[in-house]
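# Tertiary structure, described
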Amino acid sequence: MILDLDIGNTLSKWRLKDTQSSEIRSRGAVWTREEWRPGADIPDLDVVESVRISSVARAAVLDETVSLLRHRVPHVYVARSTRETLGVVNGYDEPGRLGVDRWMGALAGYQLAGGCCAVDCGSAITVDFVLPGGNHLGGYIIPGLRLMKESLKLGTRNVAIDPESEAEALLEPGRRTVEAVNHGIYMAAVSAINRIYSEVCDQQAVALPMLLTGGDARVVSRGVHVPHAVWPDMVYGGLEACFPLTLAERAGKMSGAPRVPEPVSLEKIRAGLAFSMLL
Ligand SMILES: Nc1ncnc2c1ncn2[C@@H]1O[C@H](COP(=O)(O)OP(=O)(O)OP(=O)(O)O)[C@@H](O)[C@H]1O
Ligand SMILES: CC(C)(CO)[C@@H](O)C(=O)NCCC(=O)O
Ligand SMILES: [K+]
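Residues numbered from 1 in each chain as written. Chains lettered and ligands numbered in written order. Predicted model: local features only at pLDDT ≥ 70, side-chain atom pairs only at ≥ 80, totals over all residues. Heavy atoms only, no water.

### Considering the nonpolar core
Formed by 33 residues in total, the largest nonpolar core has its most connected members in V119, Y197, M210 and V220. Put simply, the parts of the chain that give this core at least two residues each are β8 (116-121), β9 (124-130), α3 (145-152), α4 (167-170), α5 (177-204), β11 (210-213), α6 (217-221) and α9 (266-278). The element that contributes the greatest number of residues to this core is α5, accounting for 9 residues. Grouped together as the second largest cluster of nonpolar side chains are 20 residues, L45, V51, V61 and V78 included. (Core = buried A, V, L, I, M, F, W, Y, C linked by side-chain atoms within 4.5 Å. Buried < 20%, exposed > 50% of the residue type's maximum accessible area, 1.4 Å probe, protein only. Helix = DSSP H or I, 4+ residues; strand = E, 2+ residues; numbered from the N terminus.)

This is the structure in structure tokens:
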């Protein structure tokens, strides 16, 4: 078995993948913390022969995790942001400083779709761009839905946006504090994503397919009108591409990869942008 770990600021996601069949056997998430309790937190390590890790938590969390795993698992692979990998050239002045989850998403997106806009809706919302040809332009970081809400301190932090809500309802003016906050932050997130996408496609003169991942991807997806696909395993896809272990992975297949969304034409994107400027 392969254990894939995506250690975020809030949640640490894991999944177990069968080395022979490439099937996902189980998955889960626990709060990110410095000490793991194998068995309770993560699955039985006796069946695991390889671990692949993407971590944006504090260095101590990764160090602790790796030292624990090295005693129990034959192969431990840790992803790092580099200057160039798999045809993608990192847009950061200091490539190592790009969050490795963003780098994994960009690599997975490029492997799947060629040029792309990779959006991760987690603790932070990140929007990264890779051009056809592999130039990563860099990206945008804004607070995620939960962080935006917590920063307001209006006593609404415990009332989350219902992930089943319809976008239309979430975009209406709120009539209670909790509704005003939830609808406000939702509007902030989806309009930022829509605008960022249009601006960058306009600047670069290319219509790019958009891919969405992260804990809030589903609810954000309903408010994003740009054609896009939700890919919950996008960060894992980057790990598969960097450290291919199964037959399918060696053939370039990433688990759960969606069909590549067909972007609308550049003319339409530009017309939408011009229209929104007039209002
Ligand atoms: N069970 C849950 N616990 C916490 N957050 C959840 C949960 N389910 C969904 N979410 C939503 O997911 C978001 C967290 O995103 P994600 O699951 O991608 O993890 P993350 O650790 O925050 O990622 P990162 O730190 O890498 O951005 C939160 O903003 C929250 O609204
Ligand atoms: C932005 C987050 C927190 C998103 O998970 C992560 O990618 C990170 O810690 N990045 C480092 C800063 C940067 O990417 O520029
Ligand atoms: K994440």
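### Description of the environment of K13
Here K13 lies in strand β2 (residues 11-17). Considered as a pair, K13 and L3 are 10 residues apart in the sequence and their alpha carbons are 10 Å apart. With near-sequence residues (within four places) excluded, K13 lies in contact with D4, L5, D6, G8, G28, A29 and Y236. (Contact = heavy atoms within 4.5 Å.)

### Structural notes on the site of ligand 1
Surrounding ligand 1, one finds 14 residues, the nearest of these being N9, L11, K13, S123 and D216. Taking D216, its side chain carries an N or O atom lying 2.8 Å from an oxygen atom of ligand 1. Across the complex, the protein chains shield 74% of the 620 Å² of accessible surface that ligand 1 would expose by itself. A per-class count over the shell around ligand 1 returns 3 nonpolar, 7 polar and 4 charged. Each of domain 1 (2-78) and domain 2 (101-278) contributes no fewer than three residues to the shell around ligand 1. (Near = heavy atom within 4 Å. Polar contact = N/O pair within 3.5 Å; in protein donor to acceptor, adjacent residues only side chain to side chain. Areas by Shrake-Rupley, 256 points an atom, 1.4 Å probe, with all protein chains shown as cover. Nonpolar A, V, L, I, M, F, W, Y, C, P; charged D, E, K, R; others polar. Domains from an automatic or database assignment.)

### Focus on the packing of helix α2 (residues 100-113) against helix α7 (residues 234-242)
Two elements in contact, α2 and α7, have axes whose closest approach is 7 Å; the angle formed by their N-to-C orientations is 75°. Put simply, α2 runs roughly perpendicular to α7. For the pair α2 and α7, the contacting residues are D101, M104, G105, L107, A108 and Q111 in the first and M234, V235, G237, G238, L239, A241 and C242 in the second. Its residues assigned to classes, the contact of α2 with α7 shows 8 nonpolar, 4 polar and 1 charged. (Axes fitted to C-alpha atoms, helices over the stretch in contact; angles between N-to-C directions. Parallel < 35°, antiparallel > 145°, perpendicular 65-115°, else oblique.)

### Considering the packing of aromatic side chains
Overall, the coordinates contain 2 aromatic pairs when judged by the stated rule. Ring geometry for F129 versus Y140: centroids 6.4 Å apart, planes at 80°, classification edge-to-face. Here F129 is found in strand β9, whereas its partner Y140 is found in strand β10 (residues 136-143), with 11 residues between them in sequence. Classification of F129 by relative accessible area gives buried; the value is 1%. By relative accessible area, Y140 is classed as partly exposed at 32%. (Phe/Tyr/Trp six-rings, centres within 6.5 Å; stacked < 30°, edge-to-face > 60°.)

### Considerations on unusual backbone geometry
A positive phi angle, close to 70°, is found at S22, a residue other than glycine. With respect to the element layout, S22 can be found in the loop between β2 and β3 (24-31). Owing to a relative accessible area of 15%, S22 belongs among the buried residues under this scheme. The phi torsion at L86 lies on the positive side, around 50°, for a residue other than glycine. Mapped onto the elements, L86 comes out in the loop between β6 (84-85) and β7 (88-89).

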